[in-house]
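Spelled out, the chains give:
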Amino acid sequence: MNDNPASSFTETHRDMLEMYCRHVVQARLLTTQIEEFELEWLARDDGLKRYDKLLTMREREVRSASSLATRLRITRQATADPKTVGRAHNNLAREKKPWEID
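What you see is a predicted model, and the numbers here were worked out from it, not measured in a lab.

A. View of unusual backbone geometry. One non-glycine residue with positive phi stands out, namely Arg-73, at about 60 degrees. Among the secondary structure elements, Arg-73 is positioned in the loop between α2 (45–72) and α3 (76–79). Judged by its relative accessible area of 61%, Arg-73 is exposed.

Given below as C-alpha cells:
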C-alpha cells in the first residue's frame, strides 16, 4: 500500500480497501495459529480436524485478499510494466534450478 500515492485511492475504494486489510490481518492471525500448532496434536482426530480447519480458513482469507488486491490494482502485475519485468527477467543470470541435480 505504501508504494502507491494516496491519490491512487478514492472514497469508492474505501470499503474494498478496508476488507482487503481485514483479510490480510486474519490470514496473518491464522498463520500464527498454524505455526504454533504442535505436530503431536496431529495424532489425535480433533487435532487433525483443527489443523485442517485452520488451513482451510487461511486459504479462504488469502483468496479473498488476493481477489480484492486484484480489484484494487495493487498486485505486482498491476503495478509493473510488463515490458520492464520481461527485460529484467531476461537479464537475470542463468543458474541451475534447485531441482536440477548434477
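B. A look at a negative patch on the surface. A cluster of acidic residues, Glu-35, Glu-36, Glu-38 and Glu-40, forms a negative patch on the protein surface. When its relative accessible area of 35% is taken as the criterion, Glu-38 is described as partly exposed.

C. Seen up close, the packing of aromatic side chains. Tallying each qualifying case throughout the model produces 2 aromatic pairs. With a centroid separation of 5.0 Å and 85 degrees between ring planes, the pair formed by Phe-37 and Trp-41 is classed as edge-to-face. For Phe-37, a relative accessible area of 9% corresponds to the buried category. Judged by its relative accessible area of 31%, Trp-41 falls in the partly exposed class. A centroid spacing of 4.9 Å and a plane angle of 45 degrees characterise the contact between Phe-37 and Tyr-51, whose relative ring orientation is tilted. With Phe-37 in the loop between α1 (14–35) and α2 and Tyr-51 in helix α2, this pair connects stretches of sequence that are 14 residues apart. Every member of this aromatic cluster is reached through a ring pair, and the members are Phe-37, Trp-41 and Tyr-51.

D. Up close: the environment of Thr-56. Summarising the element assignment, Thr-56 is placed in helix α2. Assessed through its relative accessible area of 36%, Thr-56 is described here as partly exposed. For the pair formed by Thr-56 and Leu-30, sequence separation is 26 residues and the distance between their alpha carbons is 9.8 Å.

E. How the structure looks around the nonpolar core. Counting 8 residues, the largest nonpolar core is built from Phe-9, Tyr-20, Val-24, Ala-65, Leu-68, Ala-69, Leu-72 and Ile-74. It is α2 that contributes the most residues to this core, 4 residues altogether. In this view, Ala-65 contacts Tyr-20, His-23 and Val-24; residues no more than four positions away in its chain are not counted.

F. Main features of the pattern of salt bridges. In total, this model carries 4 salt bridges according to the counting rule given. In this structure, Glu-11 and Arg-14 form a salt bridge, with 3.0 Å as the shortest nitrogen-oxygen distance. Accessibility classification places Glu-11 together with Arg-14 in one group, the exposed group.

Reading the values: rules and limits
- Residues numbered from 1 in each chain as written.
- Predicted model: local features only at pLDDT ≥ 70, side-chain atom pairs only at ≥ 80, totals over all residues.
- Heavy atoms only, no water.
- Helix = DSSP H or I, 4+ residues; strand = E, 2+ residues; numbered from the N terminus.
- Buried < 20%, exposed > 50% of the residue type's maximum accessible area, 1.4 Å probe, protein only.
- Patch = residues over 30% accessible without salt bridge, like charges linked within 9 Å, V, L, I, M, F, W, Y side chains within 5 Å.
- Areas by Shrake-Rupley, 256 points an atom, 1.4 Å probe, with all protein chains shown as cover.
- Salt bridge = Lys/Arg side-chain N within 4 Å of Asp/Glu carboxyl O.
- Lys, Arg positive; Asp, Glu negative; His and termini not counted.
- Charge placed at Lys NZ, Arg CZ, Asp CG, Glu CD.
- Phe/Tyr/Trp six-rings, centres within 6.5 Å; stacked < 30°, edge-to-face > 60°.
- Core = buried A, V, L, I, M, F, W, Y, C linked by side-chain atoms within 4.5 Å.
- Contact = heavy atoms within 4.5 Å.

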